[in-house]
Amino acid sequence: FGLGGLKFVFSLKINFKNPDFKRVLRQLPPRSVDQGIDSINSIVETNFGSRLGAGSISYYENAYTLHTVPIQLIGTTIATAAFPRLSERISQGRPDLFRRDFLKILRAMIWIAIPLVVVCFFGRGYLARLIFTRGSSEITAIFGFLCGAIFFRIVYAIISRYFYAQKDTWTPLGVSILAIGLNIYLAWKLSNPDHYGVAGLALAQTIVAAVEVVILFAIMLIRDHKLFDIRFWGGLWRILSVAGFCIVATYVVVQIFPLRITDAGLLTLGFKFGLITLVTMTVHLGLSSLFSLEEAEPVIAKMRGFVRSVLKPVKIDW
């Protein structure tokens, strides 16, 4: 119905001899399996968590849900929006433009993800107590281990599109199967009460997410030796340098405004968490501009435009 205005005529006839249709059929099964294979992890983690005492599953699921929010908002959203552009570059037969656009998007996502992870880690206690009234301390501990997974899952979102744009759905599936096997083993080992307990499930998620990204990076380098150039590594080094200053600044703010046992309510917790976020983002953006990171230029330009519009003189006709 939505295509009616475009005068699109739909026909029930399927051309099974069409090469594009055949290609879709070949790529669909591994992509579909890869989409649903994470449910195996959920079943295994639920099984291990149920052995760790009452409330363990609830604490883990709440922390896990909390960690998926930035992944969906940043990783999935940007990667989905960028995918058509990457596919277009491949269809144009321009691997050079595909490589350039991919690295630009990858750097931007890393640049956005780093301050987000810093805020999540240092503000995890404030956030957990603000959202969850019960078990906030347990959720805080679990969420702290999941913060690393947030970064790697965001990066994975765009890396997987690198393969999908090249009509390769088997490589991400193979790596996912390997990752699931590793996650099952680590979850069993680390969730042991003698080790990390329910927090071990979160630690396993972070380790597996990192391994998955490293393996895909290695495959990308093997296939395209020119993919990661000096400019990319130089920009990445500057982003990591800025991240170091952000960590220090955020740590100082947390020490000045610590989370106290008596802290409760939106006003107190919201103010402290908002202050942590503001300082982190300000330091990140300011130093990114100082380090001449191209990712900061659009944001700075938007802020300057907003300030000019606010401070614009108002003419009054008498």
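The model shown is predicted, which means the values in this text are computed figures rather than measured ones.

### Some thoughts on the overall build of the protein
When you go through the protein residue by residue, the secondary structure sums to 11 helices and zero strands. Each helix and strand of the protein, ordered N terminal to C terminal, gives the series α-α-α-α-α-α-α-α-α-α-α. Overall, the protein is about 75 × 70 × 45 Å in size when its C-alpha atoms are taken along their principal axes. Within the protein, the proportion of its 318 residues that are buried is 41%. Here the protein has roughly 18500 Å² of accessible surface; of this, 67% comes from carbon and sulfur atoms.

### Comments concerning the packing of helix 4 (residues 95–122) against helix 10 (residues 265–290)
At their nearest, the axes of helix 4 and helix 10 sit 10 Å apart, and the two run at 150° to each other. Compared by their axis directions, helix 4 and helix 10 come out roughly antiparallel. The way helix 4 lies across helix 10 gives a crossing that is right-handed. Across the interface between the two elements, W111, P115, L116, V118, V119 and F122 of helix 4 pack against F273, I276, T277, T280, M281, H284, L285 and S288 of helix 10.

### What about a nonpolar patch on the surface?
On the surface, a nonpolar cluster with roughly 580 Å² of combined accessible area is contributed by V248, Y251, V252, I256, F257 and F271. Along the chain, F257 falls in the loop between helix 9 (230–256) and helix 10. Assessed through its relative accessible area of 30%, F257 is described here as partly exposed.

### Digging into the side chain of R107
Structurally, R107 can be placed in helix 4. Among residues more than four places away in sequence, those in contact with R107 are R231, F232, G235, R238, I239, L293, E294 and E295.

### A word on the side chain of E295
Tracing the backbone shows E295 in the loop between helix 10 and helix 11 (297–311). Side-chain polar atoms of E295 contact the side chain of R107, separated by 2.8 Å. Setting aside chain neighbours within four positions, we find E295 in contact with R107, A108, W111 and I239.

### With respect to helix 1 (residues 19–36)
Here helix 1 is 18 residues long and its end C-alpha atoms lie 27 Å apart, about the 26 Å a rise of 1.5 Å per residue gives. At L28, helix 1 shows its maximal bend, which comes to roughly 30°, and the proline P29 appears one to four places after that position. Among the residues of helix 1, Q27, P30 and D34 are the ones counted as buried. On its buried face, helix 1 sits against helix 6 (136–165) and helix 7 (170–190). Of the residues flanking the start of helix 1, the one acting as N-cap is N18, its side-chain oxygen 2.8 Å from the backbone nitrogen of D20.

### Quick look at the environment of D229
Mapped onto the secondary structure, D229 falls in the loop between helix 8 (199–223) and helix 9. For the pair D229 and A82, spaced 147 residues apart in the sequence, the C-alpha separation amounts to 21 Å.

### Focus on unusual backbone geometry
One non-glycine residue, K167, lies in the positive phi region at around 60°. Here K167 lies in the loop between helix 6 and helix 7. Residue classification places K167 among the partly exposed residues on the basis of a relative accessible area of 42%. With a phi angle near 60°, S292 is a residue other than glycine that sits in the positive phi range. When you line up the elements, S292 lands in the loop between helix 10 and helix 11. Judged by relative accessible area, which is 52%, S292 ranks as exposed.

Definitions and cut-offs
Residues numbered from 1 in each chain as written. Predicted model: local features only at pLDDT ≥ 70, side-chain atom pairs only at ≥ 80, totals over all residues. Heavy atoms only, no water. Helix = DSSP H or I, 4+ residues; strand = E, 2+ residues; numbered from the N terminus. Buried < 20%, exposed > 50% of the residue type's maximum accessible area, 1.4 Å probe, protein only. Areas by Shrake-Rupley, 256 points an atom, 1.4 Å probe, with all protein chains shown as cover. Axes fitted to C-alpha atoms, helices over the stretch in contact; angles between N-to-C directions. Parallel < 35°, antiparallel > 145°, perpendicular 65-115°, else oblique. Left-handed = near helix turned anticlockwise from the far one by under 90°. Contact = heavy atoms within 4.5 Å. Patch = residues over 30% accessible without salt bridge, like charges linked within 9 Å, V, L, I, M, F, W, Y side chains within 5 Å. Salt bridge = Lys/Arg side-chain N within 4 Å of Asp/Glu carboxyl O. Polar contact = N/O pair within 3.5 Å; in protein donor to acceptor, adjacent residues only side chain to side chain. Expected span 1.5 Å × (residues − 1). Bend = angle between axes of the 7 residues up to and from the residue.

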